[in-house]
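Here's the letter readout for the chains.
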Amino acid sequence: MTSERPRARALRLLRATAAEPIAAGLPLPPERLLADQYQVSRTTIRWALAQLAREGLLRNVTGRTRLVADPSARPAMACHPVYVFSQIEESQVNRSEGWGGNVHVGLLNAMRSLGHAVLIPGSSLLDEATVACLLRERPAGVLIPEPMYTGASDPSLMLAAEAFAKAGIPTVVFGEFPAACDRVCSDHELGAHLLSTWLLNRGRRHQLCLWPGPTTPAWLERRRIGHERALREGGVAIRPVEWMNWLSRDEDFETLVLALAGHLAPHLLSAQPIDSILAMIDGHVPAICAALRHCGREPGRDVDVVGYDALWAECPQRLLCPVPPAASIDKCNLQIGKAMATLLDERMAGILPPEPQLRQIAPRLAFT
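Residues numbered from 1 in each chain as written. Predicted model: local features only at pLDDT ≥ 70, side-chain atom pairs only at ≥ 80, totals over all residues. Heavy atoms only, no water.

**Considering the sheet that holds strand β5 (residues 141-148)**
Sheet strands line up and pair through hydrogen bonds in the backbone, either parallel or antiparallel.
Phase 1 of the analysis: Here six strands make up an open sheet; going across it, the order is β4-β3-β5-β6-β7-β13 and the pairing parallel. Strand pairing shows two members of the sheet lacking a second neighbour, β4 (118-119) and β13 (358-361), which therefore form its edges. (Pairing = 2+ DSSP bridges. Helix = DSSP H or I, 4+ residues; strand = E, 2+ residues; numbered from the N terminus.)

**Digging into the sheet that holds strand β11 (residues 304-306)**
Phase 1 of the analysis: With parallel pairing, four strands are arranged side by side in an open sheet as β9-β8-β10-β11. Only two strands of the sheet have a single partner each, and these edge strands are β9 (242-244) and β11. Taken over all neighbouring pairs, the strand axes of this sheet differ in orientation by 20 degrees on average, direction set aside.
Phase 2 of the analysis: Of the pairings in the sheet, the one linking strand β8 (residues 207-212) to β9 comprises three bridges and is parallel in character. What sits directly across from Leu210, in β9, is Glu242.
Phase 3 of the analysis: Lying over the sheet, helix α11 (residues 285-294) contacts β8, β10 (276-279) and β11, oriented at roughly 165 degrees with respect to β11. (Axes fitted to C-alpha atoms, helices over the stretch in contact; angles between N-to-C directions. Contact = heavy atoms within 4.5 Å.)

**A closer look at helix α8 (residues 188-201)**
Phase 1 of the analysis: Helix length check: α8, at 14 residues, gives a terminal C-alpha distance of 20 Å against a target of 20 Å (1.5 Å per residue), a fit within 8%.
Phase 2 of the analysis: His188, Gly191, Ala192, His193, Leu195, Ser196, Trp198, Leu199 and Leu200 are the residues of α8 that are buried.
Phase 3 of the analysis: Two to three positions downstream of the cap, the backbone nitrogen of Glu189 sits 3.4 Å from a side-chain oxygen, assigning the N-cap of α8 to Asp187.
Phase 4 of the analysis: One or two positions beyond α8, positive phi appears at Gly203, with a value near 85 degrees. (Expected span 1.5 Å × (residues − 1). Buried < 20%, exposed > 50% of the residue type's maximum accessible area, 1.4 Å probe, protein only. Polar contact = N/O pair within 3.5 Å; in protein donor to acceptor, adjacent residues only side chain to side chain.)

Without other data, these values stay purely geometric and don't point to any function.
In C-alpha cells, the structure reads:
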C-alpha cells in the first residue's frame, strides 16, 4: 500500500467499496476514520470523495454524510464517462510544447470540444481490482495518454488496456502497443528523415547517429530507417549507428563526456571525418557537445549536433554545456492528443472497421 500514491490509493479503495452491490444506500465512515484506515491525509480523502461524487458513485446527504449511490439512480453521463488514465497534474500544463504531457492537454481539450464527460483517476490505479471494477461499470471509452512502448511502459498499463479492448470497450493509447487497441503515435521515421535531409541541405554529408544501445525500442529502429533513407536519397555513404551505454545522472556528466569522446575520436580522425551527429533526444546534446570540445572540435562550426523532442528549454544538462541543438524535432504532442480523442470518438460512434487502427502524426523541424 505505501508504495502507491496516496490519492491513487484512496480513490481505488473508496471506488471498490462504492462499487459493491450491497453498499448502495449505506453511509461512508467519517473522513477522519477513512484517513486513518487508508493511511492518507484528510485532504486526500476529501479529494477522493469529491471525485467519486462527480462520478455519481456517492451522494451527499448533509455536509459530512455521504451515502453510496444506488446504481439505478446514477446519472447516465456519470455512469458511462470516458476514463483518461494519466499522472499529469493540471498545474503542469504551462510547459514547453515538446513536453510529453501535452498529449494529455491536447486530448482533454479535444474531448471537451466533442462534448464527452471525462474522468481522470490516475494511471497508478490500474491494478487488477480496479480494472475488474471498471469492466463491470462499462465506461464509454478509455484513453491512456502516457507513452506505451515495449520495455519502457508500466506493464500494468498495457495489461489494463488489453483487458478493456478485449471486453469491447473503445480504448485508445499513445504509442505502438498493445496491438489490440487503437493507437496514435509520432512518425519517428519521418522525424529522422527530416533531420538528416536538413543536415544534407547544409552540406553535412558525413552523419553519425550516436544513440544508447545496442538494445533499441522499435521507435528508435524506425528513426534509423528514416535516417538511412534520407542518406540514400542524397547519394551519400551510410555509417553504422554508434551505440554506447548512456549515464543519465548529472553527477556522472564528466565521466559520460570522456566516454563519448572515446566513441567519437575514431569518427573524427578517420579519412572522412564526421561533420554532424544525430542525438536521440535534446537532453543528450550537452554531453555530446562537451565531448566534441574535448576532442578539439567546436559544435556548430566543425560538427552540427541535432536533437529530438524539442525539449531544450527543459533540459537540466544544458547548464553543464549550454550549446543548443542545431535543430530538433517537435513531435506535435498537442496534435497527438487531439488525434487520440478523435479516434476514440470515431470508435464509439461505430464508424471504424473492427480492426485496431494505428495513426501516425507527422512531426516538424524545430529550432532553438
